[in-house]
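The lines below spell out each chain.
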Amino acid sequence: MKRAILVRLFVVLTVVFLVILAVALYTFRSQALGDSKQKAYIISELVRDTLTSYMVMGVMDRRDEFLSRIKEIKGVEEIRVIRAKSVVEQFGTGTRFEVPKDELERAVLESGKAMERLDESLTSVVYKIVIPYKAVPIKGIDCLQCHKAQPGETLGAISLTMDLTHIRKNSAEVFFWLTVVFMLSLGGVAFFVNLFITRISNFIRELACAMKSASEGTFTCDVKTDPGYEASFLKNTLQSSFSTLQSTLSSIEEKVRTMIGYGVLKTGNVLSDTSKIVDELLNIYKFKRVIEKDKRKKDVYTRIREVLEDYMSLDRYSLYEVDQGRNRISIVYVKGQDCWCNEVIFENADECRAKRTGVDVDSREFPCVCPNFSDNTACKEGSLHYYCMPVYVGGAVGNVVQLVYEPEMEPFINLIIPYIKGYLNEAAPVLEARTYMDILREQSLKDQLTGLYNRRFLEETIDKLSAQIKRRGSTLGILMIDVDYFKQVNDTYGHDMGDKVLREVANILIKSVREADMVIRYGGEEFMVLLMDVQAGKSEEVAEKIRKAMENHTIEAPGVVLKKTVSIGVSEFPVDSDRIWQCIKFADVALYKAKEMGRNRVVRFRPEFWQEESY
């Protein structure tokens, strides 16, 4: 660019100089010719007047001397007086110098008009002018007195030849020095223009580089060249603006980072990084608003799953929940295969390294760092990696998120881990709140002494439970159980012993039925067992099993050894009635029958019991 500008400038200046030089040469030539012509006229008038005076005074013999003196004038090469025809006829031809020598002289004598000619060659410049003398009376002298001619007739002419070579030589010298001065000036101009253009070019290049960096999010304006003049103000303003922008964006980034509580992978593009953080902050804000309105913890887990699968595009991960009370881990979601961890962690949560240590577990730090990963062989070979993140809920690890990925996915995983942590951090307080709600709800639905479900639980679930039984076409066994002579225990040994008896009964009931069955403390010393999907008629057998287990069980306390029995009433839904509360009432009626019949026995409800009750 700089070279192109200099070439164009040189061409323009050269053309301008040549035009000026041509105009000057033409002007100088015209001026030289004009001066020569004027000089010729002056000389011719001088010669005419002088020769006329010589003629009047009768001293024409001095003419040659006079003409010789005229020749001494610088530039005059030849001067001759030519006789016209009328003078030749009157006074003779005269000397050979008075006879016309060329066509120019003869043309002047015939036309009576002055004529000129310029002969130029490489070595010389000759200017010739021929001026006629006419028979015209002048002041004090009447030519017609001596010459036999008509007024206005041409009497002769003066032929003056001037050598203008020295003028051209002087002109050439002048123009040579002008050219030298011009070239030196042009060189000086080119030098200073080059310095100016170089500085401006460097400034523009650095400015363009700075603007390009700015478009890529880097605002470290490195414009070192000072262009001078008004452009210096542009440089200073640009540097100040870039510095302010860089500082502002960095401040925004740090404040947002502090607000969301985690950092993200920087790319070096401040604009892009800040935009990503702000966008992510907006997404997390929307996520938080949604999960805060979710009633159940299950719904919150669904949102997390959507983030991991739909937003983060993960196809291999696990989401676990930690039961702090029982120190167990359960699966919430698993993607990619049935499970990415060994089953041992489900029995003992401390077998999970992330839960036990409370810090991130990265298999890249040390191969097979967690021995309970399901495929440590692939991990050791480097074909599979995992990254486990503990999520603190209520001051303890409440969840663990596990990412499983292949080595080529490592850059992507490094990029999204901070974002995943951001979502998990926002989900943690919501999960904590929902956990507390679940605990409170569970406490409201469970008996504090025995840990069994209470009557409120029965009231909230029995209708749904009976609907499921009907839909499946199965049978629900209902056992109403009462501890025989329980009041005597309280009266004799105190309420602490009574509480121990109730807990022992609850343990025997739990051990005597399946995990799917429900054991409920119905009130006081009375219990209920709901046998799910039991075969019709089998409920009585289960009740007998419970009775025997209780009969054979010994309850020990300091200084006390007791054996207690239970009475059990049995009914089945919808065998005995298609209304669940009716069947519960039937079981209660059968229980009272068992007590009437002497206690420590199982009584199956029969329709006649209800008829007797009705009377």
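Before reading on, note that the structure itself is shown above.
Counting of residues starts from 1 at the beginning of each chain's written sequence and follows it residue by residue. Per-residue local features are limited, in this predicted model, to residues with pLDDT of at least 70; the limit for side-chain atom pairs, both in listing and counting, is 80 or more; totals at the level of whole chains, interfaces and linings are taken over all residues. Note that water and hydrogens are dropped before the side-chain values are worked out from all heavy atoms of the structure.

Engineer: Help me understand the pairing of strand β10 (residues 476–483), please; the structure alone is not making it clear to me.
Structural biologist: Remember that side chains alternate between the two faces of the sheet whenever the strand is regular. Within β10, eight of the eight residues are buried, which leaves it mostly tucked inside the rest of the structure. With burial as the criterion, each face of β10 is covered, one bearing L476, I478, M480 and D482 and the other bearing G477, L479, I481 and V483. In terms of strand pairing, β10 meets strand β15 (residues 566–573) through eight bridges, oriented antiparallel. Residue pairing for β15: V483 is matched across the bridge by V566. By definition, two strands form a pair when at least two bridges between them are found by DSSP. The helix and strand labels rest on DSSP assignments: H or I over at least four residues marks a helix, E over at least two residues marks a strand, and numbering proceeds from the N terminus. Judged from the six bridges that link them, β10 and strand β12 (residues 526–531) form a sheet pairing that is antiparallel. Buried, partly exposed and exposed residues are distinguished by accessible area as a fraction of the type maximum, computed with a 1.4 Å probe on protein chains only: under 20%, between the cut-offs, and over 50%, respectively.

Engineer: Even after reading the chapter, I still don't get the sheet that holds strand β9 (residues 396–405), so can you show me in this structure?
Structural biologist: Paired through backbone hydrogen bonds, the strands of a sheet run either parallel or antiparallel to each other. Read from one edge of the open sheet, five strands run β6-β5-β9-β8-β7, paired in antiparallel fashion. What marks the edges here is a single partner per strand, and that holds for β6 (328–335) and β7 (361–362). Here strand β5 (residues 317–323) runs beside β6; their pairing, made up of seven bridges, is antiparallel. Opposite L319, over in β6, you have Y333 as the bridge partner. Contact criterion: two residues are considered in contact whenever any of their non-hydrogen atoms come within 4.5 Å of each other. Throughout, an axis means a line fitted to C-alpha atoms (over the contacting stretch in the case of helices), and angles, computed between N-to-C directions, take values from 0 to 180 degrees. Sheet strands in contact with helix α8 (residues 297–311) are β5, β6 and β9, and its direction is about 155° off that of β5.

Engineer: It is not clear to me how the environment of V400 should be interpreted in this structure. Could you clarify?
Structural biologist: Structurally, V400 is set in strand β9. As for V400 and A354, which are separated by 46 residues in sequence, their C-alpha atoms are 7.1 Å apart. Setting aside residues no more than four positions away along its own chain, V400 makes contact with S318, L319, Y320, C352, A354, K355, C388 and M389.

Engineer: Help me understand the nonpolar core, please; the structure alone is not making it clear to me.
Structural biologist: A general trend in soluble globular proteins is that nonpolar side chains are found buried together. Grouped together as the largest cluster of nonpolar side chains are 31 residues, with contacts concentrated most on I304, M312, L314, V401, L403 and I420. Breaking this core down by element, the ones donating at least two residues are α7 (270–292), α8, β5, β8 (385–393), β9 and α12 (410–445). It is α12 that contributes the most residues to this core, eleven residues altogether. Setting aside its immediate chain neighbours within four residues, M312 contacts V307, F412, I416, Y419, I420 and Y423. Judged by nonpolar contacts, the second largest core, of 29 residues, contains L452, V501, L509 and M550. Definition used in this section: a nonpolar core is a set of buried Ala, Val, Leu, Ile, Met, Phe, Trp, Tyr and Cys residues joined via side-chain atoms within 4.5 Å.

Engineer: Would you take a moment to explain the pairing of strand β4 (residues 154–163) for this structure?
Structural biologist: Most of β4 is tucked away, with nine of its ten residues classed as buried. Pairing of strand β1 (residues 76–83) with β4 involves seven bridges; the strand directions are antiparallel. Looking at the pairing, E78 lines up with T161 of β4. Bridge analysis of strand β3 (residues 125–134) against β4 gives nine bridges, and the strand direction is antiparallel. When the sheet's bridge partners are listed, K134 is paired in β4 with T154.

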